[in-house]
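# Residue-level structure breakdown
Given next are the chains, with one letter for each unit.
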Amino acid sequence: MYSDEEYQEPKPKKRLIEVSNNSVASVTKEIGVDSNEKCLKPKPNKCLAEISANLNDSFETVAENCNVDDLVGKCSDDEEEPSKSDPYTEHFEQELPEELASQKYEHEYKKYEFPEIGKFIFSKPLIQNLEIKDPCAKKYELFDFYWKKNLVETLKTFRKGFSNYELGLLNLISGYTDIMYMKRTHEKSENLRMLYSLHALNHILKSRAKIIHHNSKISKNSEEEYRDQGFTRTSVLILVPFRHDCYCIVSLLSRLLPECVVMNKKRFENEYGPPPPAQRIKPKPPDFEQTFEGNIDEDFKIGLRIKNKSITLYSEFYSSDLIIASPLGLRQIVGAEGDKERDYDFLSSIEILIIDRADVLLLQNPLHLIHVLKHVNILPKESHGCNFFRVRLYALNGMAKFYRQTLLLSSVEHMWFEALIFQNLCFNYRGYLSSVSEVKSPVIGNILVPMKMCFRWFDTDSPENEIEDRFNFFITKVLPDFKDPAMAQTMIYIPSYFDFVRLRNYFRESELSSVMICEYSKKGKVAQARDVFFKGYRHFMLYTERTHFYSRYHIKGIQHIIFYQLPTYPVFFRELCNAIIDCNPRKRYEEKSCTVIVSKHDLLQLKNIVGLSETKRMNGSKKKIFVKYIEQ
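Residues numbered from 1 in each chain as written. Predicted model: local features only at pLDDT ≥ 70, side-chain atom pairs only at ≥ 80, totals over all residues. Heavy atoms only, no water.

Labelled according to an unreviewed UniProt entry, the protein appears under the name Digestive organ expansion factor-like protein, originating from Stegodyphus mimosarum. Looking at the Subcellular location (unreviewed entry) heading of the UniProt record, one finds this comment for the protein: "Nucleus, Nucleolus". According to the UniProt record, the Sequence similarities (unreviewed entry) comment for the protein reads "Belongs to the UTP25 family." (UniProt positions renumbered as here; feature names shortened; annotations may be inferred.)

Across its full length, the protein holds 22 helices and 21 strands. Per-residue burial for the protein yields a buried fraction of 57% across its 632 residues. Nonlocal contacts in the protein, meaning residues at least 24 apart in sequence, comprise 80% of its contacts between residues at least 6 apart. For the protein, the accessible surface area stands at approximately 28500 Å², while carbon and sulfur atoms represent 48% of it. (Helix = DSSP H or I, 4+ residues; strand = E, 2+ residues; numbered from the N terminus. Buried < 20%, exposed > 50% of the residue type's maximum accessible area, 1.4 Å probe, protein only. Contact = heavy atoms within 4.5 Å. Areas by Shrake-Rupley, 256 points an atom, 1.4 Å probe, with all protein chains shown as cover.)

In this structure, L198, I238, L304, I306, L322 and I324 are the most contacted members of the largest nonpolar core, which totals 79 residues. The element that contributes the greatest number of residues to this core is helix α7 (residues 189–220), accounting for nine residues. Residue contacts for I324: discarding those within four places in its chain leaves I238, V240, C246, I249, V250, F300, K301, I302 and L304. (Core = buried A, V, L, I, M, F, W, Y, C linked by side-chain atoms within 4.5 Å.)

This part takes up helix α13 (residues 366–373). Of all eight residues in α13, six are buried, a share of seventy percent or more. Two to three positions downstream of the cap, the backbone nitrogen of L367 sits 3.0 Å from a side-chain oxygen, assigning the N-cap of α13 to N365. (Polar contact = N/O pair within 3.5 Å; in protein donor to acceptor, adjacent residues only side chain to side chain.)

This part takes up the sheet that holds strand β17 (residues 514–517). Read across the sheet, seven strands follow the order β17-β18-β16-β19-β20-β15-β21 without closing on themselves; strand pairing throughout is mixed. Bordering the open sheet on either side are β17 and β21 (625–630), each of which pairs with just one other strand. Across the sheet, the mean angle from the axis of one strand to that of its neighbour is 15 degrees, orientation sign disregarded. Here four bridges tie β17 to strand β18 (residues 540–544), and the two strands are oriented parallel to one another. Bridge pairing links V515 to M541 in β18. Sitting on the sheet, helix α16 (residues 463–478) touches β15 (451–457), β16 (490–494), β19 (560–563) and β20 (593–598), and the angle it makes with β20 is about 145 degrees. Taken strand by strand, helix α18 (residues 523–534) contacts β16, β17 and β18, and its axis lies near 145 degrees from that of β17. (Pairing = 2+ DSSP bridges. Axes fitted to C-alpha atoms, helices over the stretch in contact; angles between N-to-C directions.)

Here we come to the packing of aromatic side chains. In total, this model carries 35 aromatic pairs according to the counting rule given. Taken together, a centroid distance of 4.8 Å and an interplanar angle of 45 degrees make the contact between F288 and F292 tilted. Side by side, F288 and F292 carry an identical accessibility label, which is buried. A ring pair is formed by F292 and F549, whose centres lie 5.2 Å apart and whose planes are at 55 degrees; its orientation type is tilted. Separated by 257 residues along the polypeptide, F292 in the loop between α10 (286–291) and β9 (301–306) and F549 in helix α19 (residues 545–551) bring together distant segments of the chain. The pair formed by F292 and F549 is uniform in burial state, with each residue classed as buried. (Phe/Tyr/Trp six-rings, centres within 6.5 Å; stacked < 30°, edge-to-face > 60°.)

Running from N to C, helix α11 (residues 327–334) and α13 point in directions that differ by 55 degrees, and their axes come no closer than 9 Å. By the criterion of interaxial angle, the relationship of α11 to α13 is oblique. For α11 against α13, the interelement crossing comes out left-handed. Across from P327, L328, L330, R331 and V334 in α11, the residues of α13 making contact are L367, H368, L369, H371 and V372. (Parallel < 35°, antiparallel > 145°, perpendicular 65-115°, else oblique. Left-handed = near helix turned anticlockwise from the far one by under 90°.)

This is the structure we're talking about:
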């Protein structure tokens, strides 16, 4: 399993089973583990959107300021295994009830407010016979971070101290609770990257020190037995959208390790380093430049083998401690059912999963991310040289996913993160924290064009039926009003590509006058579509969110705009509404309008547009149409 010399465990005197040629499933069956046992986690009774509707309730303040001396007050020795009071030890040595795999449990929701980092909602699993501590419930927990000594020495060289904001997040992250932090900004990106890189590096070095310490004991007494490993060496997985993000993480890791030697650095610089600056014909918004900074290749994956003073890049996955990849890059290796060549055993022992810039991954292709996450912490098909006598019992029992910590960072709130990821693919027995954003300045206040703005609500029973209900509501209630010649030059903004395909087919079958622009449209077709729409030769324009995300076209000629669903980024709403100012000169004085189709599942996006109080008013009203006039 481990290729480094210090990771070679001495073989026990007697081996009960031979594992080199057997599959893990057959081996675990021999030693009394049911590899086919399924672990199900019921969805919580309440969703984040419903809870966030009551943000004016009281929050409990649970954290205080501390300085860097407190942060590094307790450190682990490189030559000894972690202390029993170390959060690392407490988390991974916690015994869980065997029936947890099939046990149905509810969640308890509690609100917290931490100084400097804001408000959170804690989803606490109510597991029978298991007491779970609330995050940062006591002040003294902030002082016991137990960093490795070599990390502490490095931190002192290039950091004078940590801000209260950084200390607050460090406290939450180091407790191994799942975190959904949806307040990431470009200004805070370096701070957040440093925090999770420090946590991941500390975790890897502790795991390595523990194994080395046990190896030393076994070499002196071969009768000693220790359960300190997973099926494979890789324990940390970081998913990011672009090569530039990977470049920044590796550069930071090399700075955090003292006197670090980076192997294969030149190759890495050539493949992941910043490309020559691009010359743009037309300037793009600042947030666009920040999003697409550096090397923006979306197809990559790289393994890192980490020691106390060295990092080996491009290490083979099964001998890597850390993997940094894009969902697209891993998807090609994981493959799909029926593929002859596919491999995902290297994901079987992930203990920390970090998803940075999740909002960008959502715009790229969320299916790739979901597919990869579904293959994390699954019992491997092959042994890959694993010593099963050193594998933790919970891993053999197929319960590794209950110990995995997931950190998700995003610049926007989106129901997709909780509904698809944290409620269905994250099973941490410590529960999860989700940040709550306060809207100080609703986007609707930054719209400069006089227009009639109409919010039209439709009823839907469940998220599963919402797609069908939205489509039917659109074609029966909304679209007929815009077929009139007086409503010409109407743009329809569609966030989902699948919804776009369905509407495109409907428009073609109905022979409606329209042009269509999606992320797969060629530049020539895009220019032609924009020209005929501006001149009024086509009635409708179908426009996808991914097109706007990657190109940020300034569409001219819009008289009316329909948001089939609210945009992922609030700034897109403002940009498209203000684009109406460049309408056809012949129609400059005609009435402009904006129609938004909304359901109860769009509350997180809606509160950024109209504000929290207005969102609560709309959601609690029996009315289905809300009209507001924007005046100059």
